[in-house]
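Here is how the chains run, residue by residue.
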Amino acid sequence: MEKLRVIDLSQPIEPGMPIWPGDPAVEYMPWCSLEQHGFNLQRISLGEHSGTHLGAPRHFSASGCSIEEIPLTRLMTLGIKIVLPQDESSAGIASISRWEKRHGPVPADSWVLFETGWSRHWQDPNAYHTAFPGVAEEAVRFLCRERSIAGIGIDSPDVDGGASSDFAANRILAEHGGLHLENLCRLEQLPPAGFQLFIGALPLVGATGSPCRVLALMPSL
């Protein structure tokens, strides 16, 4: 069997980590202890879209599928990475065109991950949610209509950038049945293409999102 290199693209889940303004705080509460019950157990409370998470179309579309209805083929499939230059606040058609000139058309049913470098602010919750980069509406529309992608991922709090007030990019994605991954990290360790993405989302019935472990797999060097 070919040796694989595995890269964890997930942020750790813990109390005090950045959360979307107004979302439930992440809380760990002792429930059982070795001394009293013979085993340790904690109760965990958090929002559906806490930390590195997968968003289902139902998050922005009443008729969209929920987390447990997502086909498994969309949770383990081909991924590509597009780098957003530091002087650009939004990934647009130009970003996609630059990638396609070097690597060919974005493959259908693939995940498109946008590396912005914003995950460097993760340890500062206030900075992390201030003026963060996103993906332009026209870029999302192009990827959904012309390339039939599985979803879009980004290493910032939201596919829509911090300047957005209407979640337009997310709504377009949901209308086309697309998924989103947010709060990714370590995207700088990925090549532009040639990796598989594994998304370990929980099958939460009726949920609009799920915290998840996201792994990238590629041939070992």
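The structure presented is a predicted model; accordingly, all values stated were derived computationally and were not measured. (Residues numbered from 1 in each chain as written. Predicted model: local features only at pLDDT ≥ 70, side-chain atom pairs only at ≥ 80, totals over all residues. Heavy atoms only, no water.)

Restricting attention to buried positions, one finds in helix H4 (residues 137–147) the residues Ala139, Val140, Leu143, Cys144 and Arg147. All buried residues of H4 project into a common sector of 125° when viewed along the axis, lining one side. Opposite its buried face, H4 presents the exposed residues Arg145 and Glu146, each directed more than 90 degrees away. In this structure, the buried side of H4 is in contact with strand S6 (90–91), helix H2 (93–103), strand S7 (111–115), strand S8 (134–135), strand S9 (151–154) and helix H5 (168–175). Ser148 lies just past H4 and shows a positive phi near 50°. (Buried < 20%, exposed > 50% of the residue type's maximum accessible area, 1.4 Å probe, protein only. Helix = DSSP H or I, 4+ residues; strand = E, 2+ residues; numbered from the N terminus. Arc of directions from axis to C-beta. Contact = heavy atoms within 4.5 Å.)

Where strand S5 (residues 76–83) meets strand S11 (residues 195–201), 4 bridges bridge the pair, whose relative direction is antiparallel. Each bridged residue has a counterpart across the sheet, and for Met76 the counterpart in S11 is Phe198. Pairing of S5 with S7, which is carried by 5 bridges, proceeds in the parallel orientation. Within the sheet, the bridge partner assigned to Lys81 lies in S7 and is Leu113. (Pairing = 2+ DSSP bridges.)

This part is about the pairing of strand S12 (residues 209–219). Working note: regular strand, side chains alternate between the two faces of the sheet. For S12, the buried fraction is high: 8 of the 11 residues fall into the buried class. Judged from the 3 bridges that link them, strand S4 (residues 53–55) and S12 form a sheet pairing that is antiparallel. Looking at S12, one finds that Leu54 is bridged to Ser210. As judged from the 6 bridges shared by S11 and S12, these two strands associate in the antiparallel manner. Paired with Leu197 across the strands is Ala216, a residue of S12.

What follows concerns the pattern of salt bridges. Applying the stated rule across the entire model yields 5 salt bridges. As a salt-bridge pair, Lys81 and Glu115 come within 2.8 Å of each other at their nearest N and O atoms. Of this pair, Lys81 sits in strand S5 while Glu115 sits in strand S7, and the two are 34 residues apart along the sequence. Each member of the pair Lys81 and Glu115 is classed as buried. (Salt bridge = Lys/Arg side-chain N within 4 Å of Asp/Glu carboxyl O.)

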